[in-house]
Protein chains: 2
Amino acid sequence: MEYKNLPDIRGWAALRAVIERGSVSDAAHVLNIGQPAVTKRLRALEESYGESLTERVGGRMQLTKAGEKVYLLAVQTLDKQLALRRELLDLAKGRTTLHLDVTIAIGEHLLPHLLLSFSESHPDFRIDSRLVYGRQIQNDLASGLADLALMERPPDHPDLMVQKWMDDELLLVCGPRHPLANEDMIPIAMLPDLSYVLRERGSSPRVDLDEALTRIGLSELDVALEVGSTDTIIEVLMPGSHVSFLPRFAVIDDIKRDRLHHIKVDAFRIMRTLWIARHRDNIAHPVADAFIDIMRKDNQID
Amino acid sequence: MEYKNLPDIRGWAALRAVIERGSVSDAAHVLNIGQPAVTKRLRALEESYGESLTERVGGRMQLTKAGEKVYLLAVQTLDKQLALRRELLDLAKGRTTLHLDVTIAIGEHLLPHLLLSFSESHPDFRIDSRLVYGRQIQNDLASGLADLALMERPPDHPDLMVQKWMDDELLLVCGPRHPLANEDMIPIAMLPDLSYVLRERGSSPRVDLDEALTRIGLSELDVALEVGSTDTIIEVLMPGSHVSFLPRFAVIDDIKRDRLHHIKVDAFRIMRTLWIARHRDNIAHPVADAFIDIMRKDNQID
DNA sequence: TTTTTATATTCCATTTAGGAATATTAGAGA
DNA sequence: TCTCTAATATTCCTAAATGGAATATAAAAA
């Protein structure tokens, strides 16, 4: 049985940090060790695999072909190791915790209310929630780091299952002082003339937006600012020079209170669905079931 | 990012070896290190997880609840690490190797012919084959250690896909000097009176046999000997005091040449299917496709 | 170029790994 | 219950490794 030539997990951690930070010294900082230590870890790992795993390309550390494969295993294993740690903690303390991942927008607008309802009706259960990016949610579910996730786009990982949570729509909105604040509807042709504040590329609402724009043949909008939080976007809209596409659930309250104005676009709607996702091997989780129950009930009230 | 408290992979290897061999000293032997080293690895691992992972139960080392979880990750990771090593080798040498797992019986009787046909028609491709037990095949496929498998029972792992290869049957056979060597057919009632040489419990033919017997209400046969190889069973049958249930593909030649006699059993046949199995993520493997092609052609000739 | 920033080396103190010998413990058998 | 025995845990020691500080080297930026 193999023993002597096994790689060191800390080598995997080093590789991961170097790739994800893009530099050895940043990685060293994140890992709380010195830069030479990281370099040496990488060398040792390369020696263990007999292949060079990284190369400097334009000042950034990148993976070689072989490095890609090692990196994949490294991330998988480190994530699973973390999940295992947590599982053992839960086991020891006899607690039943639900580890929940949600997208940023859902976390900002829908989650607080849900958590409140849940903790009222199930004071004995515990939920640990994390606001993460869509891609990361898939990794977390796959590795067991998360038991359940609320997402704005369905995952494409083969082991992840989804069920529909609720319908949503991306709405074009502006602040009350914007020139269009009194318009009920505008034609599609006017969309390129507006100045936008949007979520960053790759975020779920942005991907949905870009897909919808491509469908109607619009390639690029005039994006004045990219922001990582819908709440921040709403603040930026207030002065009135920009508009944005935001999930209905995030702006519905502000629209009702006339803090934001919903500009309809003629013959253009971006419909979407919010999803509940979980790993196929993790379909029997008492806290998850209780939580989903709460979500469904809550939905009926709204 | 976690770094300092990561477990040592060699700890995982030690845990795995201890559990699979059932003792610390055996594990030490397999790992080519001393017994104290293994003990210390276990201690270190337990310290890292903050839980005791093993306990001595009746002289055998067993897993605690927490140990189970750690063991699972250990096996997964070590297998994947092995698969990764091999993948890197293939990558470096630019060769295309098919890693094939087959059950013992298939390996003894069907594989040699297949490999020959394959190497004749595809001299540029390479096949590494392993004879392993059914349960292990599933692990190998799941971890990527094997690309393709030929099995006597379909896997129940959710990520593994099967396609039918060929039909088979378990035949009751005896040597030419056995008292029943001239009988064409016997009643079911006579089955318990015979003395059997069978594959060991858990092997694919044995599981099929036991299931079939259960279906007709026969719980136990008189098993004189359990053997790990069908070839060995055939040898043991020669003197003529025992009978066995063996896959048709393993005995058809010997029956034709009158080295074995097939005893039909009235209203009792054990039909089975041989399967080609692979991982869902590994469905595009050129060598696998070429090999499956050979298997199909071969089948038509027989 | 020169400057600046990032990575690799070297050297050293410290820690850790594993072997040999030995103590301890847990089952088996009287 | 008390040996006896086989297995596991400890101890002690040497060899090997880790990671830090200082420094050399390499690669971008100016």
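Just so we're clear, the structure is a prediction, and the values are computed from it rather than from any experiment.

Our next topic: the overall build of chain A. Per the secondary structure count, chain A includes 11 helices and 13 strands. On the principal axes, the C-alpha backbone points of chain A span a range of 70 × 50 × 30 Å. Burial status across chain A gives 37% buried among its 302 residues. Here the analysis covers contacts within chain A between residues at least 6 apart in sequence; of these, 75% occur between residues at least 24 apart.

Now for the protein's contact with DNA strand D. As a matter of local geometry, DNA strand D sits amid 21 residues, with Gly 34 and Ala 37 of chain A together with Ser 23, Val 24 and Pro 36 of chain B nearest to it. Of all the secondary-structure elements, those providing two or more residues to the surface near DNA strand D are helix 3 (35–49) of chain A together with helix 2 (24–31) and helix 3 (35–49) of chain B. Among the elements that make up the surface near DNA strand D, the one with the highest residue count is helix 3 of chain A (five residues). Class assignment of the residues belonging to the surface near DNA strand D gives a composition of seven nonpolar, seven polar and seven charged.

The next thing to look at is the packing of helix 1 (residues 9–21) of chain A against helix 4 (residues 65–93) of chain A. All names here are of chain A. Between helix 1 and helix 4, whose axes approach to 9 Å, the crossing angle comes to 110 degrees. Taken together, the axes of helix 1 and helix 4 lie roughly perpendicular to each other. Only Val 70, Tyr 71, Ala 74, Val 75, Thr 77 and Leu 78 of helix 4 make contact with helix 1, whose side of the interface consists of Trp 12, Ala 13, Leu 15, Arg 16 and Ile 19.

This brings us to the relation of the copies chain B and chain A. Note on the chain copies: they are related by a rotation about an axis and a translation along it. Each copy of the sequence occupies a distinct position, and chain B is placed on chain A by a rotation of 180 degrees and an axial shift of 0.1 Å, giving an RMSD of 0.2 Å. Here the copies are linked by what is in effect a two-fold axis. The residues that chain B uses at the interface reappear at the interface of chain A in 100% of cases, marking a shared surface.

Let us now look at the pairing of strand 3 (residues 97–102) of chain A. Residue and element names in this part refer to chain A. Burial of strand 3 is extensive: five of the six residues sit out of reach of the surface. The pairing of strand 3 with strand 4 (residues 126–131) spans six bridges and is classified as parallel. Bridge pairing links Val 102 to Leu 131 in strand 4.

On to the interface of chain B and chain A. Listed per partner, the contact involves 32 residues of chain B and 32 residues of chain A. Counting only elements with at least two residues in the side of chain B that touches chain A, the list comes to helix 1 (9–21), helix 2 and helix 4 (65–93) of chain B. Per element, the largest residue contribution to the side of chain B that touches chain A is 14 residues, and it comes from helix 4 of chain B. Grouping the amino acids of the side of chain B that touches chain A by side-chain chemistry returns 20 nonpolar, three polar and nine charged.

The next thing to look at is helix 7 (residues 134–143) of chain A. All names here are of chain A. Listed as buried for helix 7 are Gly 134, Ile 137, Gln 138, Asp 140 and Leu 141. Taken down its axis, helix 7 places every buried residue within 165 degrees of arc, on the same side. The secondary structure elements touched by the buried residues of helix 7 are strand 3, strand 5 (148–151), strand 6 (160–174), helix 8 (204–215) and strand 13 (270–279). A positive backbone phi angle near 90 degrees is found at Gly 144, which sits one or two residues after helix 7.

What follows concerns the domain arrangement of chain A. Parsing chain A into structural domains produces domain 1 (9–78) and domain 2 (96–302). Averaged C-alpha coordinates put domain 1 of chain A and domain 2 of chain A at centres separated by 34 Å.

Right, let's get into unusual backbone geometry. Residues and elements named next belong to chain A. Positive phi values are uncommon outside glycine, yet Asp 258 reaches one of about 60 degrees. Position of Asp 258 relative to the elements: it lies in the loop between helix 10 (248–256) and strand 11 (261–262). Phi at Ala 267 takes a positive value of approximately 60 degrees, unusual for a residue other than glycine.

Quick look at helix 1 of chain A now. Along its 13 residues, helix 1 of chain A runs 18 Å from first to last C-alpha, staying within 8% of the 18 Å computed at 1.5 Å per residue. Here helix 1 of chain A lies mainly inside the structure; 11 of its 13 residues are buried. For helix 1 of chain A, the complete set of buried residues consists of Ile 9, Arg 10, Gly 11, Trp 12, Ala 13, Ala 14, Leu 15, Arg 16, Ala 17, Val 18 and Ile 19 of chain A. On its buried side, helix 1 of chain A packs onto helix 2 (24–31), helix 3, strand 1 (54–57), strand 2 (60–63) and helix 4 of chain A together with helix 1 of chain B. Gly 22 of chain A sits one or two residues past helix 1 of chain A and shows a positive phi near 85 degrees.

Neighbouring DNA strand C are 19 residues; Ser 23, Ser 25 and Pro 36 of chain A together with Gly 34 and Ala 37 of chain B lie closest to it. Mapped onto the surface near DNA strand C, the elements with two or more residues apiece are helix 2 and helix 3 of chain A together with helix 3 of chain B. Take the surface near DNA strand C: its biggest share by element is five residues, from helix 3 of chain B. Residues that form the surface near DNA strand C fall into these classes: seven nonpolar, seven polar and five charged.

What counts, and at which threshold
Residues numbered from 1 in each chain as written. Chains lettered and ligands numbered in written order. Predicted model: local features only at pLDDT ≥ 70, side-chain atom pairs only at ≥ 80, totals over all residues. Helix = DSSP H or I, 4+ residues; strand = E, 2+ residues; numbered from the N terminus. Buried ≥ 20, exposed ≤ 12 C-beta atoms within 10 Å, placed from the backbone. Contact = placed C-beta atoms within 7 Å. Near = placed C-beta within 6 Å. Nonpolar A, V, L, I, M, F, W, Y, C, P; charged D, E, K, R; others polar. Axes fitted to C-alpha atoms, helices over the stretch in contact; angles between N-to-C directions. Parallel < 35°, antiparallel > 145°, perpendicular 65-115°, else oblique. Least-squares fit on C-alpha atoms with pLDDT ≥ 70 in both. Pairing = 2+ DSSP bridges. Arc of directions from axis to C-beta. Domains from an automatic or database assignment. Expected span 1.5 Å × (residues − 1).

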